[in-house]
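Here's the letter readout for the chains.
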Amino acid sequence: MTGQVSERPTDFIREIVREDLKTGKYGGRVNTRFPPEPNGYLHIGHAKSICLNFGIARDFNGLCNLRFDDTNPTKEEVEYVESIKEDVRWLGFDWQERMYYASDYFSVMYDYAVQLIRMGKAYVCDLSPDETRQYRGPLTGPGKESPYRSRSVEENLDLFERMRAGEFPEGACTLRAKIDMASGNINMRDPVIYRILHAEHHRTGNKWRIYPMYDFAHCVSDSIEKITHSICTLEFEDHRPLYDWFLDQLNVYHPQQIEFARLNLSYTVMSKRKFLQLVDGGHVRGWDDPRMPTISGLRRRGYTPGSIRNFCDRIGVAKRDSVVDMALLEYCIREDLNKRAPRVMAVLRPLKVVLINYPEDQTEELDAVNNPEDPGMGTRRVPFSRVLYIEREDFREDPPKQFYRLAPGREVRLRYAYYITCVKALRDEKSGEITELHCTYDPATRGGDSPDGRKVKATLHWVSAAHAVEAEARMYNYLLLKADPDDVEEGKDFKSIINPDSLEILSSCKGEPCLADAKPGDRYQFERLGYFCADPDSSAERPVFNRIVTLKDTWAKVEKAQKGK
RNA sequence: UGGGGAGUCGUCCAACGGCAGGACGGCAGACUCUGGAUCUGCUUAUAGGGGUUCGAAUCCUCUCUCCCCAGCCA
């Protein structure tokens, strides 16, 4: 059992936890939390945090709470609460009965605020937002104390009570902590604790006219829930003194805040603000567009929860800013699907092939294995006949060096079927485009093996024309042309490097018959092409597939190298 | 001209005074009825200068570079 823990990925946070367990700092308890604000959809950066928090709880026999940080009613909605719950669950984590809201604690927070006032540690300030900013001072010098800083406890109590009662308009005043206007840390210059917001809250309705700020609400919520390790991202590092200050002043249970570097992924963006620009600008179809690194986008794309968890384990946890290569995410989904996805043949860009020596009205059923990595997945029968489709790019009239697929006079294997030889390429007079291939087949090679032992350089996938299922394939590529979203011309932003080919729709794909049964969410490997997932847009007559990821493509690499020369 | 953080292969993470290691990527090869998968090999790194030490990525010191902070957002 001890081995179990040590085999898990370790990182500096787990080391802290391990040490705290050893010294009995929290009585042997571990309790983390995942604290999203319900103001948008979760993305793979959140997945990193979810895997970290729930993972630590799992590894150390502790608990992880789900807590909605809902202290700003102007931005938050129930819709997001539901989607977040769905995403966390889908990722495979369970908060059991521990789902909380910061808004559950509004009364306690109010009492704590009153306590701070009584201690002379908080005051009601009438400065306008603009004045507050001015008084706060610059980064490089001290701020100025508010003229309202020395109000009496009684006056502050009265004013704060009236703030709560809704007597003042928004922005009229705030409750501020009395700390140090000269602090080098901006966060300690009398930060706002409560502001007036005449907004309806998605859970507390119109009960409150004042709402606590993050710095106050978060540490208090952690304290109430008896969190042991409050894990957050780097940008909160200089909020930590404030986190500690509140809890010290209130003299209550005190968790420790630990910061780690957020996830960045190459060739994409990772912030709600930028997602919004993509959606609003029509660059993607929505938050769950398969090109988006949102959890809902990845799910629709066909990523498995396990592959994302594995990815999060592999990227590690540290404090330095980093950009993880998208290739690692792709590796993780290939690794997962290689073992699990049934193989199937589908032709994305069909090229008609007529086997001129194959009987006109004959059809046969050939055996194909469903997954060579897992014989337990069995075999299926695939229909074969005189007219077939093969992939357009599997034929070259004038084959370049190292291209060993089909070409005039050349013999290749049709997977699980026969060896065929191309005898003629028919072309459209006007466009010059090749419209059809005439080939002969060798009846002795049925099943794909030649009795005379002759070898063939390539094996092609194919679909029988008469039995083909019509399908649409959505081919996704990286959202951005460059790995770094900030690698743009002066004065421009990431939108200037959006990949115009991030989506290519292929609407006349041909699939083998079993694809007619594809249900949204079903994943397949289209042999030699990639992993695909049936989209909810599929209809009974016409399945739609999202390309999750390509297979590794050695020929593409060779060809690219050739062109580069 | 403040405060907080961070600098290790192309990328991400490890090494906690004792041979700089793993993963992904890349390159080469083996195998293959998927140019898939699998297997093998190779490639490349401690930001810089001083110091302490038998020994430094690790400790000290100076310098350089990068990131975050001036919401009544989180």
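This text goes with the structure placed above it.
Residues numbered from 1 in each chain as written. Chains lettered and ligands numbered in written order. Predicted model: local features only at pLDDT ≥ 70, side-chain atom pairs only at ≥ 80, totals over all residues. Heavy atoms only, no water.

Caption draft 1: Geometry of the packing of aromatic side chains. A full pass over the atoms with the stated rule returns 25 aromatic pairs. Every member of this aromatic cluster is reached through a ring pair, and the members are Phe106, Tyr110, Phe160, Tyr194, Trp208, Tyr211, Phe216, Trp245 and Phe246. The ring of tyrosine 101 carries the charged tip of arginine 203 above its face, separated from the ring centre by 3.5 Å. For the cation-ring pair, arginine 299 lies above tryptophan 90, with the distance from its terminal atom to the ring centre recorded as 5.2 Å. (Phe/Tyr/Trp six-rings, centres within 6.5 Å; stacked < 30°, edge-to-face > 60°. Lys NZ or Arg CZ within 6 Å of the ring centre and 35° of its normal.)

Caption draft 2: Structural context of the sheet that holds strand β19 (residues 459-460). With respect to topology, seven strands assemble into an open sheet ordered β19-β16-β17-β18-β12-β15-β20, the strand pairing being mixed. Looking at the sheet topology across the chains shown, the edges are occupied by β19 and β20 (462-464). Direction of pairing for strand β12 (residues 350-355) relative to strand β18 (residues 434-442): parallel, over a ladder of four bridges. Among the inter-strand pairings, valine 353 is bridged to a residue of β18, identified as leucine 437. (Pairing = 2+ DSSP bridges. Helix = DSSP H or I, 4+ residues; strand = E, 2+ residues; numbered from the N terminus.)

Caption draft 3: Representation of the pattern of salt bridges within the structure. Following the criterion strictly, the structure yields 52 salt bridges and no others. Through salt bridges with shared partners, one network takes in Asp288, Arg300, Glu472, Arg474, Asp535, Asp537 and Arg542. (Salt bridge = Lys/Arg side-chain N within 4 Å of Asp/Glu carboxyl O.)

Caption draft 4: View of the sheet that holds strand β22 (residues 503-511). Pairing is mixed across the open sheet formed by seven strands, whose spatial order is β10-β23-β24-β25-β21-β22-β11. Because the sheet does not close on itself, it has two edges, and the strands there are β10 (343-344) and β11 (346-347). Relative to strand β25 (residues 544-550), strand β21 (residues 469-476) is paired through three bridges, and the arrangement is parallel. Looking at β25, one finds that alanine 473 is bridged to phenylalanine 545. Helix α13 (residues 326-340) rests against β10, β23 (523-526), β24 (530-534) and β25 of the sheet, and its axis sits at about 115° to β25. (Contact = heavy atoms within 4.5 Å. Axes fitted to C-alpha atoms, helices over the stretch in contact; angles between N-to-C directions.)

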